[in-house]
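Summary of the model geometry
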Amino acid sequence: MNNNITDRAADNIRVLTAAMVEKAQSGHPGGAMGGACFINILYSEFLNYDPSDMKWVNRDRFFLDPGHMSPMLYSVLSLMGHYTLDEIKLFRQWGSPTPGHPELEVERGIENTSGPLGQGHAMAIGAAIAEKFLTARFGDWMSHKIYTFISDGGVQEEISQGAGRLAGFLGLNNLIMFYDSNDIQLSHETKVVTNEDTGKKYEAWGWNVIKINGDNADDVRDALKKANQEKDRPTIIIGKTTMGKGAVTETGEPYEKKCKTHGMPLSKAGASFEKTVTNLGGDPADPFKIFDDVEEYYKKVREDKIKNAKIKKEIQVKWEKENPELANKFHKFFSKKAPDFDFSSIVQKENDATRNASGKVLEHFALNIENMIVISADLSDSDKTNAFLEKSKAFVKGDFSGAFLQAGVTELTMGAVANGMALHGGVIPVCGTFFVFSDYMKPAVRLAALMELPVKYVWTHDAFRVGEDGPTHQPVEQEAQIRLMENLKTHSHKRSFLVLRPADSVETTVAWKMALENMHTPTALILSRQNVKDLPAKANSTRYKDSLEASKGAYIVNEISGKPDIVLVANGSEVSTLFDGMTKLIAEKKLKVQLVSAISEALFREQDKTYQEKVIPSDVPVFGLTAGLPITLRGLAGPFGKVFGLDHFGYSAPYKVLDEKLGFTEDNVFNQVIVYLDEYKKMKK
């Protein structure tokens, strides 16, 4: 290979990178300049994709972990023709397609939203697992590589422990990671915080470790060739690169390996932007320019990629003709449509815990939804994802014919891996753990919402009724926190999250129906550990038919005639507690009570005003019951409503004792409502 043009192209990337940050007067040029050699060779010589068909499902994928190095990615993608020079001039500006950290846009070549360090390479691992899963079902014709790029910061983030262990354990030889090891961090050199042998660490996890000079084109090329030939292990290429490669001062002295170039424009960091551009072969008067020879070179690269993709597509066409049934399944997997499933056929055990009811649904999914992958953070027996596992089998090195991932005790890694699976496409990821440990997952959950990924979360042990495990395991504030995501809109102006806490076993079936059909955002199911009394069906109806009304976010559980004296509202297991309290209120106080199960307030607020007014009339007193913070139901109760909940952590005791001690009984509901109705009358006078 002619390294003259290779080096020229890398320098062109460095010039464009420096120019973007300089014009914006904001950004991170140093690392991006240092990684230019690798990214140039990866895109020009190794990454298999179709520039004329960016969503081609059989493409190699590239996941950037250090999102602050976005100028490097935008630069190489501009050489490939996916960004115009005018667009990269708008780096970090309002309305620009080149934000400070890359945001998912496959049509442009951005495979993942990145920024919080560590998650990008964990997403790549999820994509690599998805590739293995699909190849096991459709054949080696569709095998492809997953590349990822990580920095010192990503290696230091705790998620790298879970991600590295998992990839090595599974032997993901389709995963190739470049570690941009430049010894510089934002505030100081890496030696200030670590002296670990990163190579030894990854070797211990079962990775193939290759150490190179990351600034040398031949070294990079040779390492990528070896990585592509690896049959049993994921590969990490540890490239020693130069922070701010090519940067010089006003007098022409080298200004490389400086912390300051990590996070500020070259001119503010102590280097000369103009002299650096000149040093790299560019024109300081017109730095936003693709060199003529580089433009010609990348034109040929683009043409070759389209030709190579055409060959692979022809192989697929031949395979489809020879395997029409598998081909039909393949296209269904990648359709981004919810699979057909008859939820009405599921028979739930009476008065069961909603986690068990979820397990019953997952058991049916294992037998009927062939592209679902279920993950558990070492809690499958407790979160009842084991019902899926028992009808499938766990992934192991060399065998991805199953559909279950034993993630180990790594909730954040699990969440990011699930995101990577969803980003790859063709699979439906589900992951489970205790609800209180959703705190560990929040960074990945947030990115799933931002990227509009249809990941399904199974969060069990939903409240203080976890009991004897005590306050560390008893969610109180978690529901209020996660429901904030339902109030957050994505950039496409959609609700970013769907949170469902079903009232009984049959409503859990319907909650799963809602989750499976939601292919536009993440969905969380919040489920009970303890058994929950089933709600009765309405006259001439069935509990399943009644529960279908949960698709509107909230619905009336019982039937009454005329205007109610009071509305009782809750979600989850508190609905059955309210039902018992309602029965006593009707029997002893002759009140006309309307009971509402509100599985998702945000979804309820999207219904028409007439329906909302019917379910929770604005001129009727409203009493809410929640095992979490009262604010969880405050919006539904309204300004004159009352919510009984917790304002403190839980305690260690059997859950029935806790119900009694904390006031979650029919008697306390009765007493609270009587007091509240008297208060309401006084407020309304």
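Above this text sits the structure in question.
The text that follows walks through the structure, step by step, so that each part is easy to find.

Basis of the calculations
Residues numbered from 1 in each chain as written. Predicted model: local features only at pLDDT ≥ 70, side-chain atom pairs only at ≥ 80, totals over all residues. Heavy atoms only, no water. Helix = DSSP H or I, 4+ residues; strand = E, 2+ residues; numbered from the N terminus. Rg over C-alpha atoms; globule rule 2.2 N^0.38 Å. Buried < 20%, exposed > 50% of the residue type's maximum accessible area, 1.4 Å probe, protein only. Contact = heavy atoms within 4.5 Å. Lys, Arg positive; Asp, Glu negative; His and termini not counted. Charge placed at Lys NZ, Arg CZ, Asp CG, Glu CD. Phe/Tyr/Trp six-rings, centres within 6.5 Å; stacked < 30°, edge-to-face > 60°. Lys NZ or Arg CZ within 6 Å of the ring centre and 35° of its normal. Pairing = 2+ DSSP bridges. Axes fitted to C-alpha atoms, helices over the stretch in contact; angles between N-to-C directions. Polar contact = N/O pair within 3.5 Å; in protein donor to acceptor, adjacent residues only side chain to side chain.

**Describing the overall build of the chain**
- When its secondary structure is counted, the chain shows 28 helices and 16 strands.
- For a compact globule of 685 residues, the expected C-alpha radius of gyration is about 26 Å, and the chain comes in at 28 Å, within 12% of that figure.
- Dimensions of the chain along its principal axes, counting C-alpha atoms only, are 90 × 60 × 45 Å.
- Residues counted as buried form 61% of the 685 residues belonging to the chain.
- Nonlocal contacts in the chain, meaning residues at least 24 apart in sequence, comprise 77% of its contacts between residues at least 6 apart.
- Averaging the positions of the 83 positive and the 90 negative side-chain charges in the chain gives two centres separated by 3 Å.

**Brief notes about the packing of aromatic side chains**
- Taken as a whole and assessed by the stated rule, the structure comprises 32 aromatic pairs.
- Centroid distance Phe 149 to Phe 178: 5.4 Å. Interplanar angle 45 degrees. Geometry classified as tilted. Separated by 29 residues along the polypeptide, Phe 149 in strand S2 (residues 146-151) and Phe 178 in strand S3 (residues 175-181) bring together distant segments of the chain. Per residue, the accessibility class of Phe 149 equals that of Phe 178, and both read buried.
- A centroid spacing of 6.3 Å and a plane angle of 75 degrees characterise the contact between Trp 319 and Phe 330, whose relative ring orientation is edge-to-face. Within this pair, whereas Trp 319 is found in helix H13 (residues 292-322), its partner Phe 330 is found in helix H14 (residues 324-333), the two being separated by eleven residues in sequence. Accessibility assignment for this pair places Trp 319 and Phe 330 in one class, buried.
- What links up through ring pairs into an aromatic cluster is the set Phe 138, Trp 141, Trp 319, Phe 330, Phe 333 and Phe 334.
- Above the ring of Tyr 255, the side-chain terminus of Lys 258 is found at 5.5 Å from the ring centroid.
- For the cation-ring pair, Lys 584 lies above Phe 670, with the distance from its terminal atom to the ring centre recorded as 5.0 Å.

**What about the side chain of Asn 182?**
- One can find Asn 182 in the loop between S3 and helix H9 (198-204).
- Once residues within four sequence positions are removed from consideration, Asn 182 is found in contact with Gly 31, Asp 152, Thr 241 and Met 243.

**Comments concerning the pairing of S3**
- Of all seven residues that make up S3, seven are buried, and the element is covered over most of its length.
- Of the two faces of S3, the one holding Leu 175, Met 177, Tyr 179 and Ser 181 and the one holding Ile 176, Phe 178 and Asp 180 are both buried throughout.
- Where S2 lies against S3, six bridges are found, and the strand directions are parallel. Counted as the bridge partner of Ser 151 is Asp 180 from S3.
- In terms of strand pairing, S3 meets strand S5 (residues 235-240) through six bridges, oriented parallel. Residue pairing in the sheet places Phe 178 in a bridge with Ile 237 of S5.

**Some details on the sheet that holds strand S9 (residues 456-460)**
- Spatial ordering of the open sheet is given by S7-S6-S8-S9-S11-S10, a layout of six strands whose pairing is parallel. With one partner strand each, in any of the chains shown, strand S7 (404-406) and strand S10 (498-500) form the two edges of the open sheet. Within this sheet the neighbouring strands show an average axis-to-axis angle of 20 degrees, counted without direction.

**A closer look at the side chain of Gln 185**
- Mapping Gln 185 onto the fold places it in the loop between S3 and H9.
- Overall, the relative accessible area of 14% leaves Gln 185 in the buried class.
- Within the structure, Gln 185 has its side chain in polar contact with the side chain of Gln 156 (distance 2.2 Å).
- Those residues in contact with Gln 185 that lie beyond four places of it in its chain are Asp 152, Gln 156, Thr 190, Val 193, Cys 259 and His 262.

**What about the sheet that holds strand S12 (residues 555-556)?**
- Read from one edge to the other, the open sheet built from five strands follows the order S12-S14-S13-S15-S16, with strand pairing classed as mixed. What marks the edges here is a single partner per strand, and that holds for S12 and strand S16 (642-644).
- One ladder, built from two bridges, connects S12 with strand S14 (residues 593-597); its direction is antiparallel. Residue Tyr 555 lies in a different strand from S14, and its bridge partner there is Ser 597.
- Set on the sheet, helix H23 (residues 574-589) makes contact with strand S13 (566-570), S14 and strand S15 (622-625); between it and S14 the angle comes to about 175 degrees.

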